[in-house]
Amino acid sequence: MHTIIIAVHVVVAVILVLTVLLQAGKGAGMGAAFGGSSGSVFGSRGPTTLISKITCAAAVIFMCTSLNLAIFQGGLSRDSVLDEWSQEAAAPAPAATPAAPAEALATPAPPAAAPGEAAPAE
């Protein structure tokens with residue numbers, strides 16, 4: 001079923017692109033819009049053409065298949081990204097690292113050798 005919907009989606013997408021490219025631009029009738037008379041009841045473009053009806057039908061089918069594919073792909077889960085975020089925010093923060101023991105700080109460090117002198121042997 002999923003494969004059939006994808007195939008229909010691709011075919012309708014190609015039909016939609018072709019029908020949009022085949023339509024005449026709306027700028028062709030601008031002269032009639034500013035005082036020119038076309039002498040037609042339907043306006044300067046005339047009644048809705050077959051190509052525009054095919055374009056409208058292809059657009060509706062394309063939107064339906066897009067919605068159908070999105071639902072099939074994602075499932076009908078009730079989870080939300082915000083649910084994960086609120087769970088992470090509610091989790092306790094890790095404890096800070098403990099400070100160094102006081103004994104280690106009380107022992108003095110061995111004196112450093114001056115430049116050019118050898119380090120004392122231990």
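Placed above this text is the structure.
Residues numbered from 1 in each chain as written. Predicted model: local features only at pLDDT ≥ 70, side-chain atom pairs only at ≥ 80, totals over all residues. Heavy atoms only, no water.

### Digging into the overall build of the protein chain
Helix and strand counts for the protein chain stand at five helices and zero strands. Counting from the amino terminus, helix and strand elements in the protein chain follow one another as α-α-α-α-α. Split into buried and exposed, the 122 residues of the protein chain put 8% on the buried side. Accessible surface, the protein chain: about 10,300 Å² in total, of which carbon and sulfur atoms supply 69%. (Helix = DSSP H or I, 4+ residues; strand = E, 2+ residues; numbered from the N terminus. Buried < 20%, exposed > 50% of the residue type's maximum accessible area, 1.4 Å probe, protein only. Areas by Shrake-Rupley, 256 points an atom, 1.4 Å probe, with all protein chains shown as cover.)

### Some words on helix α3 (residues 50-74)
Counted at 1.5 Å a residue, the expected span for α3 with its 25 residues is 36 Å, and the 36 Å between its end C-alpha atoms agrees. Every buried residue of α3 is listed here: T55, A58, T65 and L69. On its buried face, α3 sits against α1 (2-22). (Expected span 1.5 Å × (residues − 1). Contact = heavy atoms within 4.5 Å.)

### Some remarks on the packing of α1 against α3
Contact geometry for α1 and α3: axes closest at 8 Å, N-to-C directions at 150°. Taken together, the axes of α1 and α3 are roughly antiparallel relative to one another. Every pair of crossing elements has a handedness; the one defined by α1 and α3 is left-handed. Grouping the constituent residues of the contact of α1 with α3 by class yields 17 nonpolar, eight polar and no charged. (Axes fitted to C-alpha atoms, helices over the stretch in contact; angles between N-to-C directions. Parallel < 35°, antiparallel > 145°, perpendicular 65-115°, else oblique. Left-handed = near helix turned anticlockwise from the far one by under 90°. Nonpolar A, V, L, I, M, F, W, Y, C, P; charged D, E, K, R; others polar.)

### Some words on a negative patch on the surface
Together, D79, D83, E84 and E88 make up a negatively charged patch on the protein surface. Structurally, E88 is set in helix α4 (residues 81-90). Taking the relative accessible area as the measure of exposure, E88 reaches 59% and is therefore exposed. (Patch = residues over 30% accessible without salt bridge, like charges linked within 9 Å, V, L, I, M, F, W, Y side chains within 5 Å. Salt bridge = Lys/Arg side-chain N within 4 Å of Asp/Glu carboxyl O. Lys, Arg positive; Asp, Glu negative; His and termini not counted. Charge placed at Lys NZ, Arg CZ, Asp CG, Glu CD.)

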